[in-house]
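Tertiary structure, described
Single-letter residue listing:
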Amino acid sequence: MKFGISTFITDEGIRPGALGRALEERGFDSLLLAEHSHIPVSRESPYPGGGELPRVYYRTLDPFIALTAAAAETRDLLLFTGVALLVQRDVIHTAKEVASLDLLSGGRVAFGVGVGWNREEMRNHGTEPRTRGALIDEQIHALKAIWTQDEAEFHGKHVDFDPIWQWPKPVQRPHPPIYVGGESEAALTRLLNHADGWMPRSHTPPAEIKRVRAWLAEQGRPDVPFTVFGAGRSEEALAGYAEAGVERVTFMLGTRPESETLTKLDELAALAEGYR
């Protein structure tokens, strides 16, 4: 089982280049960065974690710029969005950003996507929360078309464009793997029909991971990779993930200054060592 780090890169913590170097030095295989373009002051949507929304949510850097900085300082680290809020993004610009990062990094991008939870944030981008599931499904199809076709076009209810030229194409063929975040029935259907990998969150028990694995196998997809997002430190849970065939577990790393971050990474690397 591989181990990575999930975190928020902000203007108040370690810089992404330094973090990327530190992860490779300690044997972590991936860096997963969260995305929020902004947080509406209204705060009508409750924070899923309960209580006050942590400060990092409205200070996070753009994930593609941060991952590019990490790519420049590393050689093998997997550069993962965890997750990009695709329903709030222009699909053509997003295709360009992912392909550019994949090219500059030598094919190290994994594209984690989700529908998000902050309805006011979505509306500020012109996205109707009630139809975000249908929108992301079309966006994934459109991304694949742009990445794999010289003259790509897509005509759907929510995404529509006539033939376009766009380069660079991604280094990875046919395209960087797309991971779907979330555990709902809609997310699992999206995983089955449109995605390459699954990103369940840490509250997903190993028994549920086994159930989803068996369900995918019944549908003819037995080898879908799973990456657990933001896992805790429970050795029992980590052993359960390993036994369930999880490809990768990522630890949630708090946003701290560089010296404090390096100390915390040493602790996490020691915990991960027993499962490698």
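Computed from a prediction, not measured in an experiment: that's the story for all the values here.

A separate point is the pattern of salt bridges. For the coordinates displayed, the defined rule picks out 18 salt bridges. Notably, a salt bridge pairs Arg130 with Glu128, separated by 3.0 Å at the nearest N-O pair. Among the residues examined, Arg130 registers a relative accessible area of 75% and is labelled exposed. One salt-bridge network, held together by shared partners, links Lys2, Asp29, Glu247 and Arg248.

As enumerated under the stated definition, the model contains ten aromatic pairs in all. When the ring of Tyr57 is compared with that of Trp117, the centres are 6.3 Å apart and the planes differ by 75°; the resulting orientation is edge-to-face. A residue pair is termed long-range when its members are at least 10 positions apart, and Tyr57 in the loop between β2 (30–33) and α2 (63–72) and Trp117 in the loop between β4 (109–114) and α4 (119–124) qualify at 60 residues. With respect to class, Tyr57 is no different from Trp117; both count as buried. Aromatic side chains Phe80 and Tyr179 sit 4.8 Å apart centroid to centroid with 65° between the ring planes, which places their arrangement in the edge-to-face category. Taken together, the positions of Phe80 in strand β3 (residues 78–85) and Tyr179 in strand β7 (residues 178–181) put the pair 99 residues apart, joining distant regions of the chain. Exposure class is identical for Phe80 and Tyr179. Each is buried. Counting every residue linked through ring pairs, the aromatic cluster contains Phe8, Tyr47, Tyr57 and Trp117. A cation sits over an aromatic face here: Lys169 above Trp167, 5.1 Å from the ring centre. Taking the ring centre of Phe226 as reference, the NZ or CZ of Arg213 above it sits at 3.9 Å.

Next up on the list: unusual backbone geometry. Residue Val83 follows Gly82 across a cis peptide bond; omega there is -5°. Between Trp167 and the following residue, Pro168, the backbone shows a cis peptide bond with an omega angle of 10°. Positive phi, close to 55°, is recorded for Arg43, a residue that is not glycine.

Here the focus is empty space enclosed by the protein. This structure, assessed with the given rule, holds one cavity of 30 Å³ or more. One number sums up the size of the largest cavity: a volume of about 40 Å³. For the largest cavity, the full set of lining residues is Thr7, Phe8, Ile9, Gly13, Ile14, Leu19, Leu253, Gly254, Thr255 and Arg256. Tallied by class, the residues present in the lining of the largest cavity amount to five nonpolar, four polar and one charged.

What counts and how
Residues numbered from 1 in each chain as written. Predicted model: local features only at pLDDT ≥ 70, side-chain atom pairs only at ≥ 80, totals over all residues. Heavy atoms only, no water. Salt bridge = Lys/Arg side-chain N within 4 Å of Asp/Glu carboxyl O. Buried < 20%, exposed > 50% of the residue type's maximum accessible area, 1.4 Å probe, protein only. Phe/Tyr/Trp six-rings, centres within 6.5 Å; stacked < 30°, edge-to-face > 60°. Helix = DSSP H or I, 4+ residues; strand = E, 2+ residues; numbered from the N terminus. Lys NZ or Arg CZ within 6 Å of the ring centre and 35° of its normal. 1 Å grid on protein atoms, 1.4 Å probe; cavity = no way out; pocket = protein on both sides within 12 Å on 5 of 7 lines; lining within 4 Å. Points joined across faces, edges and corners; volume = space filled by probe spheres on them. Nonpolar A, V, L, I, M, F, W, Y, C, P; charged D, E, K, R; others polar.

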